[in-house]
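A structural walkthrough
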Amino acid sequence: MADFEVPELKEYPVIPHIQEGTMAHSKPFVAKEQFQEPLGFPGELVDNWQQVAYDKMEELTGKYRSLAVFLDSCVKCGACTDKCHYYLGTSDPKNMPVARQDLFRKVYRRKFTFAGKYFPKLVGAVDLTKDVLDDWYSYFHQCSQCRRCSVFCPYGIDTAEISMAAREVMDSIGVGQKYCNEIIAKVYKIGNNLGLPQPALVDTLEGLEEDIEDDTGVKVRLPVDEKGADILVVTPSADFFAEPHVDGLMGYAKVFHEAGVSWTLSSHASEAANFGMFIGSYENMRKVSLRIREAALDLGVKRIIFGECGHAWRVAYSFLNTLAGPFDFLDPKYPVPMHIMEFTYDLIQRGALTLDKSANDDMVLTYHDSCNVARASRMGPKPGGQFILPREVIKASCNHFYDMPQDTIHEATYCCGGGGGLLTDDLMELRVKGALPRMEALKYVVEKHGVTHMAAICAICKSQFAKVMPYYGFQMDSIVSVHQLVSNAIVLGNKQ
Amino acid sequence: MPFLTIVYALLFYVATALLVVGLASKIRQYAKTPAPLKIPTTPAPVTRTGVVMRMFRELVFFESLFKSNKWIWIFGWMFHYGMFLVLARHLRYFTDPVWTWVDLIQPFGMYAAFAMSAGLLGLWARRILVDRVRYISALSDHLMLALLFAIAGTGLMMDYVTHTDIVAVKAFFRGLMVFSWQPLPQDPVLLIHLALVAILMIIFPISKLLHAPGVFFSPTRNQVDNPREKRHLSAWAAELEK
Ligand code: HEM
Ligand code: SF4
Ligand code: SF4
């Protein structure tokens, strides 16, 4: 099935010994000019690229305290070395978080620190040569910006911040990644990552309305661009057609139907994901975010709710207010934005939904905490709500639920292996290998509790798992949306 | 005035100046650099008080490290808190009369020096034996441990092997503080000990020892998790809105 070796699932997770260079060949396609320019980046490697890169590094360390502090503070204690799923899955030492940071740090030291300028050998400082740049391109596209390393570092050093900075430096000299930059350009042009234009969106949603009616006999609406609706729903565009995402979308629609609220999608902001974060570009992230503000103003809504998506929820929860706020034109009774899980959980708490758990009796479930929901956001008023709410919604919708081992869930959750702008076919080997720790944890509950399905609330996780699970002998449809479970269990028309 | 006394007196003035100026400028840089986005590693406290408690646990218990690796934690904690006690114990060379609490910790200071050394050796052993940690170590990482171990070692030697005239040492340092130089005893072990300490002070602001101020400025640890409640906007980001 693959032209690389799929790692074996071990009984107990083992920390591999280092094997240098095993992933040096892994590189995503480079963005061509037409995908660079709409984002404001040069189309190809600029002539004086070294100097431009140094200038950019200096600019970024002056703009981001995280970068400045993290580059100086690492003591090489090694606590993070066994925490990255890409290291665990590939054994390549440059996939250890600290080693990944060091690719950037050694250039920073050479140019901007006393020790690196005068004693480069002593502290391992080097110039940004073509070889170093190649390493950057390779290994900064082997980080899914999942922040697992940050949890375990005594100073909270977040390799994601460094990867983002490195990608921004590379973009600024004309070496961008095709997958991310092409997608961002599509959002600017059409409004979503898939390039799904408004008429196609309307069509798709009508189709879904028919499906629900055929299935349940109830007319549940999936409105788009409806002025005067109360709630703007922003969801990842994969929700419009991919499996199992679309079952989740039908779930949201049924929940809104039962709640009796008026809501709408927007064709202008038909994308929750914000790839501007993956490439570390504040400007691009802001530009994508502003579309949501524009849509909210244009449609005259009172609230904004986000669908199931991980990195999207990070940008929405943590950054949206900063990037596209203030949202003083929305109803102050509700947090801006809200997560669909907060909305559904609240209804369940109030007894406003009738859920028939037995509708999901053909499944034994576990739940995958998506990295950016777990470690870069919150749900509900209390810290850790992001772990509780989805589990409570799942448990209210099914009879059989088991968690994976403690050290692989909640804030210690493993990334699916496809986050951070790596969900592209040209990185398939990396994606498969990076999924190893999650697959091991899943195997454990499959064997111990007979788990048949894993639920997730992130578009990237869902697509990634659907693709890589077969490599490990799991069915591709054993990944489900949380709102798919709700959709199966919900009894419509009960609470009018 | 013996030549060596002059050399050491000047050395300590220079080292102190470099340490203070270097650290101050780094702290200034960290404080002035904006954190444009909310990036606390969640679950994170939702109040300022909560953040203070989180930082307290990080500083006192090395909480994240505890979750992460018990060996590094135990060695690291022994080393740092050993060193902290040893440093506190050294205050008796700078205060007159010696503060009561400094007097009280004197006996513990002895154990602390051993704990510090054992911790350092444990960390060093990991750096050499664990292939992952060996891979990420530069020469400077080994030298840093060597330097600290040598400081602790020469200090312990003066306690147990070649005693020095600590009354004179105290007079030397008290003298430095008021610019009235007193002769420094010429014991080789003492001279080595002090030279190494001066080196440590000089490299502090230009090495990874910057983790000490850095930990206070780490946005993933010191930010309040309240982005929805309160709009967070840095000055350069506000410029983009114009
Ligand atoms: C705010 C005060 C400080 C805190 C919270 C702190 C915390 C830490 C932590 C958590 C580690 C990683 C674990 C370990 O390797 O021990 C570490 C490493 C280290 N610290 Fe500190 N530290 C502080 C101050 C200092 C000072 C003042 C020095 C030296 C004079 C120092 C020297 C070192 C060294 C050399 C290492 C690396 C040890 C190795 O090579 O493995 N630290 N520190
Ligand atoms: S845990 Fe933090 S300080 Fe330790 S090596 Fe990793 S990044 Fe550096
Ligand atoms: S952020 Fe995640 S993918 Fe990146 S180095 Fe850290 S653990 Fe690995």
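Read on for a plain summary of the structure. In this text the structure is predicted, and so the values were computed from the model without any measurement.

Definitions and limits used
Residues numbered from 1 in each chain as written. Chains lettered and ligands numbered in written order. Predicted model: local features only at pLDDT ≥ 70, side-chain atom pairs only at ≥ 80, totals over all residues. Heavy atoms only, no water. Donors = N, O, S within 2.8 Å, 3.2 Å for Na, K, Ca; no water. Tetrahedral: all angles 85-135°; square planar, octahedral: opposite > 155°, others 65-115°. Helix = DSSP H or I, 4+ residues; strand = E, 2+ residues; numbered from the N terminus. Buried < 20%, exposed > 50% of the residue type's maximum accessible area, 1.4 Å probe, protein only. Contact = heavy atoms within 4.5 Å. Buried area = accessible area lost by both parts, 1.4 Å probe. Salt bridge = Lys/Arg side-chain N within 4 Å of Asp/Glu carboxyl O. Polar contact = N/O pair within 3.5 Å; in protein donor to acceptor, adjacent residues only side chain to side chain. Nonpolar A, V, L, I, M, F, W, Y, C, P; charged D, E, K, R; others polar. 1 Å grid on protein atoms, 1.4 Å probe; cavity = no way out; pocket = protein on both sides within 12 Å on 5 of 7 lines; lining within 4 Å. Points joined across faces, edges and corners; volume = space filled by probe spheres on them. Phe/Tyr/Trp six-rings, centres within 6.5 Å; stacked < 30°, edge-to-face > 60°.

**What to know about the coordination of the iron atom of ligand 1**
Ideal values for angles at a metal depend on the geometry: 109.5 degrees with four tetrahedral donors, 90 or 180 degrees with six octahedral donors. All names here are of chain B. Protein coordination of the iron atom of ligand 1 is provided by H80 (NE2) and H211 (NE2), with donor distances spanning 1.9 to 2.0 Å. Geometry at the iron atom of ligand 1 is octahedral, judged from its 6 donor atoms and the angles of 85 to 179° they form at the metal. Placement of H80 in helix α4 (residues 70-90) and of H211 in helix α10 (residues 211-217) is noted, with a sequence separation of 131 residues between them. Owing to a relative accessible area of 25%, H80 belongs among the partly exposed residues under this scheme. Judged by relative accessible area, H211 falls into the buried class, the value being 13%.

**Focus: the interface of chain B and chain A**
On the chain A side, the residues contacting the 60 residues of chain B number 79 residues. Summing both sides of the interface, chain B and chain A together bury roughly 5,600 Å²; the carbon and sulfur share of this comes to 58%. The largest contributions to the chain B side of the interface with chain A come from B:R132, B:Y135 and B:R228, which together make up 15% of the buried area. Between the two partners, chain B and chain A, sit 6 salt bridges. A salt bridge links A:R378 to B:E229, with the nearest nitrogen and oxygen atoms 3.7 Å apart. On inspection of chain B and its partner chain A, the count reaches 39 residue pairs in polar contact (both at pLDDT 80 or more). Elements with a minimum of two residues in the side of chain B that touches chain A: α1 (3-32), α3 (63-68), α6 (131-136), α7 (139-160), α10, α11 (219-222) and α12 (235-240) of chain B. The leading source of residues in the side of chain B that touches chain A is α6(B), at 5 residues. The residue makeup of the side of chain B that touches chain A, split by class, is 29 nonpolar, 15 polar and 16 charged.

**Observations concerning the layout of surface pockets**
Vacant regions in the atomic arrangement are exposed by a probe of water-molecule size rolled over the atoms. Residue and element names in this part refer to chain A. By volume, the second largest pocket is sized at about 850 Å³. In terms of residues, the lining of the second largest pocket owes the most to one element, helix α20 (residues 436-449), which gives 5 residues. In terms of residue class, the lining of the second largest pocket is made up of 17 nonpolar, 7 polar and 12 charged.

**Concerning the environment of A:E161**
Tracing the sequence through the fold places A:E161 in helix α10 (residues 159-172). For A:E161, a relative accessible area of 11% translates into the label buried. Along the sequence, A:E161 and A:Q101 sit 60 residues apart, while their C-alpha atoms lie 9.4 Å from each other. When near neighbours in sequence (up to four residues on either side) are disregarded, A:E161 contacts A:S66, A:L67, A:F70, A:R314 and B:I39. Only 2.9 Å separates the side chain of A:E161 from the side chain of A:S66, close enough to count as a polar contact.

**Some points on the pattern of salt bridges**
Within this structure, the stated rule accounts for 38 salt bridges over all chains. Notably, a salt bridge pairs B:K67 with A:E411, separated by 3.5 Å at the nearest N-O pair. Within this pair, whereas B:K67 is found in helix α3, its partner A:E411 is found in the loop between α18 (385-397) and α19 (428-434), the two belonging to separate chains. Between A:D425 and A:R431 there is a salt bridge; the shortest N-O distance is 3.8 Å.

**As for the packing of aromatic side chains**
Applying the stated criterion across every chain, the model contains 30 aromatic pairs over all chains. For the pair A:Y108 and A:F112, a centre-to-centre distance of 5.9 Å together with 35° between the ring planes defines the contact as tilted. With A:Y108 and A:F112 both in helix α5 (residues 97-112) and 4 residues apart, the pair spans about one turn of that helix. According to the relative accessible area criterion, A:Y108 is buried, its value standing at 5%. Of the residues examined, A:F112 reaches a relative accessible area of 27% and is grouped as partly exposed. Here B:F172 and B:F173 contribute two aromatic rings whose centre-to-centre distance is 5.1 Å and whose plane-to-plane angle is 80°, an arrangement assigned as edge-to-face. In this structure, B:F172 and B:F173 share a single accessibility class: buried. An aromatic cluster is built from B:F62, B:F66, B:W73, B:W77, B:Y81 and B:F84, whose rings are joined through pairwise contacts.

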